[in-house]
Amino acid sequence: MQVCGVQLSSATSRWRESWPPFGSQRPLCRVQCCQVPRSTGNVAHLQKEDKYSCVDRSTSYLHVQTLRNFPIEKLYGEVVLVRLDSVLLLDPLGLSSCSLKRTLSTIKYLYKAGGKVLLVTSWDPVLQSVNPVLKSTESFADYMSSLLQVKVIPVNGVPCLTSCKKEERVQNDIILFENLLNFRGENANCNDFSQKLASGAAIFVNDSFSLSHKIRASTVGITRFCYASLAGFHFEEELMQLLKINDTTRRPYIAIIGGSNFLRKAPALHLLASQCDGLFLVGKLSFQIMNGLGIPVSSCLIEKNATKEVLQLIEIAHNRNIPIYYPTDLWCLNSNNNEQLEIFDSAELLSGLISLGWTPVDIGPSTLERISSLLSSYKKILWIGPTSFDLTEEFSVGATQLGQILNKASHNSCDIILVGGAACKAVKGMSDSSSQYTASENESIVWEFLKGRILPGIAALDKSYPYQIPWDDVFSDTTQPLFVDIGSGNGLFLFQMARNWEGLNFLGLEMNEKLVVRCLQDVASAGKRNLYFLSTNATSTFRSIVSSYPGQLTLVSIQCPNPDFNKEQNRWRMVRRMLVEAVADLLQVNGKIYLQSDVESVLLGMKEQFISHGKGQLVVDSDGRMENPFGVVSDWERHVLARGAPMYRTMLRKV
């Protein structure tokens with residue numbers, strides 16, 4: 001039985017046909033730099049590479065839908081909930097001013113686009129006690145009004161649109177809800193609290209990047225209940241800085257790494273050793289390296305349980321033939337006289353002066369001179385972590401001088417990335433430095449990222465594919481019509497379809513990554529060049545993935561999505577307005593949408609969503625107890641039919 005008789009476009013004229021019937025030596029620390037691939041075998045923390053995939057998944061979760069790229073016309077008349085960072089809002093001076101401007105731009109952009117803007121944020125009691133702006137929601141709203149030059153209305157109670165008075169909902173004012181930390185459901189990422197936050201809001205915009213490494217209802221849970229979840233302007237800029245750290249196109253690349261806790265940072269240090277062309281360790285981290293290289297170091301300065309990780313780092317550097325540097329001299333404080341500072345050679349200090357009461361506090365002038373001479377040969381520099389050896393800032397002079405060195409390097413077309421309060425503060429106030437640096441104070445987030453961990457606040461946002469999917473590597477002929485199966489599961493349905501119809505390309509979109517890896521292994525084994533699978537949430541990524549396909553989208557199928565009858569709001573979550581609009585826009589005229597389920601109410605719900613949000617372009621082609629038009633059944637369909645139960649099906653067509 002033929003489903004339809006579509007004639008292909010001229011670009012695919014050679015495939016004109018009717019639709020088919022669908023029935024050891026110690027390593028040296030200073031050696032010549034060289035460039036090698038990042039996939040060093042010793043970096044155990046890196047995610048296992050999927051050799052069957054054409055798409056790099058190691059950082060694919062970082063590619064999110066942004067407010068900048070979201071169609072502005074879709075904001076008009078919509079309720080938009082914005083998650084803000086109160087620290088940025090309360091620090092309009094100094095280095096954070098650019099971040100503040102970006103955050104305010106997010107709000108103003110939404111407001112001018114005609115959206116009803118709701119603001120949520122949080123602040124701890126310590127911040128509240130020292131800042132009069134935070135005494136109440138009302139005082140914070142007045143402050144926001146002065147920043148935005150727009151009336152901001154304070155609303156106390158559970159942060160949701162239903163807490164507002166009727167007149168507040170219809171007025172063209174911005175609404176600010178009370179401190180999120182007043183509600184236990186925020187830190188617990190409570191599902192019910194997340195749903196209340198999203199109540200009445202169609203679009204969620206996250207502009208609180210500083211919480212990306214944490215799981216909160218206002219950053220993660222809320223995304224399950226909104227039509228679209230986007231990154232605001234500030235969030236987007238901070239995310240781009242993460243990507244810049246991983247970018248190794250500018251060579252040679254050196255990292256200046258400070259701070260302590262080698263064991264906790266070991267995965268990140270191993271990654272940097274696999275990417276950079278040189279490492280310069282300062283702070284307490286340098287003691288671990290010196291000890292690993294056989295230099296006598298006082299036991300009070302050594303992390304005993306980090307020896308294995310230190311030797312692994314040295315081995316990675318040795319295998320890649322890159323240098324590891326450490327301080328040659330140190331400023332030291334006399335514990336018997338808290339005002340007496342002296343400069344000592346590192347080896348001299350570590351071999352005996354510690355026992356005489358001298359404590360290292362910062363890197364010395366000889367070390368700074370060495371850094372200055374080294375940096376002239378590098379094109380990219382990352383500075384993360386403090387140069388000092390403790391938290392006593394009054395004795396810390398190395399950071400300021402290092403900032404001056406980097407400021408000079410920036411004028412020589414060198415890319416400078418500053419991470420953490422110490423690095424950012426060091427360049428604060430320098431002339432014309434703002435345009436020369438990439439700066440982020442979110443040091444903890446960067447460390448988590450470098451460890452290879454997925455940041456939940458980023459992963460929760462809708463995904464985008466700013467990079468080009470290599471369709472020519474995926475399919476042998478990208479001019480063939482495309483069939484997309486959403487929720488492809490174990491892939492057996494598509495495998496049979498691909499065998500039967502070589503003149504079509506088949507793409508399965510499935511959230512379960514383990515199933516996708518298994519399917520890709522089978523595709524590689526079978527040598528199929530008209531079949532492929534991607535691990536993704538099709539609801540948010542369908543448009544960005546399929547829009548880059550060179551050929552035409554001819555058919556989309558959604559078969560037996562799992563309904564959750566325990567909670568009404570969870571039913572048919574896969575078939576949401578965002579997905580429906582994308583399918584309707586990208587489907588060719590006379591293209592088909594095939595829906596089926598063994599639960600009639602689920603099928604009717606899906607059909608209703610497509611008809612309601614299909615922009616008047618979709619009509620019912622076949623309905624009710626129609627037969628399977630493909631001649632190929634899925635596993636679940638076979639199971640349902642075997643027990644004598646009915647399947648409910650609908651075929652829609654684009655007009």
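Residues numbered from 1 in each chain as written. Predicted model: local features only at pLDDT ≥ 70, side-chain atom pairs only at ≥ 80, totals over all residues. Heavy atoms only, no water.

Under an unreviewed UniProt entry, the protein chain has the name Phosphoglycerate kinase and belongs to Triticum aestivum. Its UniProt record gives the protein chain a comment under Cofactor (unreviewed entry), which states: "Mg(2+)". UniProt lists a comment for the protein chain under the heading Subunit (unreviewed entry), and it reads "Monomer." (UniProt positions renumbered as here; feature names shortened; annotations may be inferred.)

**Concerning unusual backbone geometry**
In this structure, the amide linkage connecting Arg251 to the following residue, Pro252, adopts the cis form with an omega of -5 degrees. In this structure, Asn321 is a non-glycine residue whose phi angle is positive, near 65 degrees. Counting through the fold element by element, Asn321 comes out in the loop between α11 (307-320) and β9 (324-325). Backbone geometry at Cys560 places phi at a positive 55 degrees, although glycine is not the residue there. If you trace the backbone, Cys560 turns up in the loop between β19 (553-559) and α22 (577-586). For Cys560, a relative accessible area of 13% translates into the label buried. (Helix = DSSP H or I, 4+ residues; strand = E, 2+ residues; numbered from the N terminus. Buried < 20%, exposed > 50% of the residue type's maximum accessible area, 1.4 Å probe, protein only.)

**Let's talk about the sheet that holds strand β14 (residues 415-419)**
Read from one edge of the open sheet, six strands run β9-β8-β7-β13-β14-β15, paired in parallel fashion. On the outer flanks of this sheet lie β9 and β15 (437-440), each paired with one strand and no other. Pairing of β14 with β15 involves four bridges; the strand directions are parallel. Bridge assignment links Leu418 to a residue of β15, and that residue is Ala439. (Pairing = 2+ DSSP bridges.)

**A closer look at the sheet that holds β19**
Sheet strands line up and pair through hydrogen bonds in the backbone, either parallel or antiparallel. The mixed open sheet is built from seven strands, whose spatial order is β18-β17-β16-β19-β20-β22-β21. If you trace the sheet from one side to the other, it starts and ends with β18 (531-535) and β21 (618-622), each paired once. Here the strands of the sheet are splayed against their neighbours by 20 degrees on average, with no regard to which way each runs. Direction of pairing for strand β16 (residues 482-486) relative to strand β17 (residues 505-510): parallel, over a ladder of five bridges. Each bridged residue has a counterpart across the sheet, and for Asp485 the counterpart in β17 is Gly508. Against the sheet, α22 makes contact with β16, β19, β20 (587-597), β21 and β22 (648-654), and its axis sits at roughly 140 degrees relative to β20, the strand it touches most. In this fold helix α23 (residues 600-613) packs onto β19, β20, β21 and β22, with an angle of close to 160 degrees to the strand it touches most, β20. (Axes fitted to C-alpha atoms, helices over the stretch in contact; angles between N-to-C directions. Contact = heavy atoms within 4.5 Å.)

**Some words on the packing of helix α2 (residues 97-112) against helix α4 (residues 137-148)**
Relative placement of two packed helices is described by the angle separating their axes and the distance separating the axes. Close contact between α2 and α4 brings their axes to 11 Å; oriented N to C, the two are set at 85 degrees. Accordingly, the angle class assigned to the pair α2 and α4 is roughly perpendicular. Where α2 abuts α4, its residues Leu104, Ile107 and Lys108 lie against Met144, Leu147 and Leu148. (Parallel < 35°, antiparallel > 145°, perpendicular 65-115°, else oblique.)

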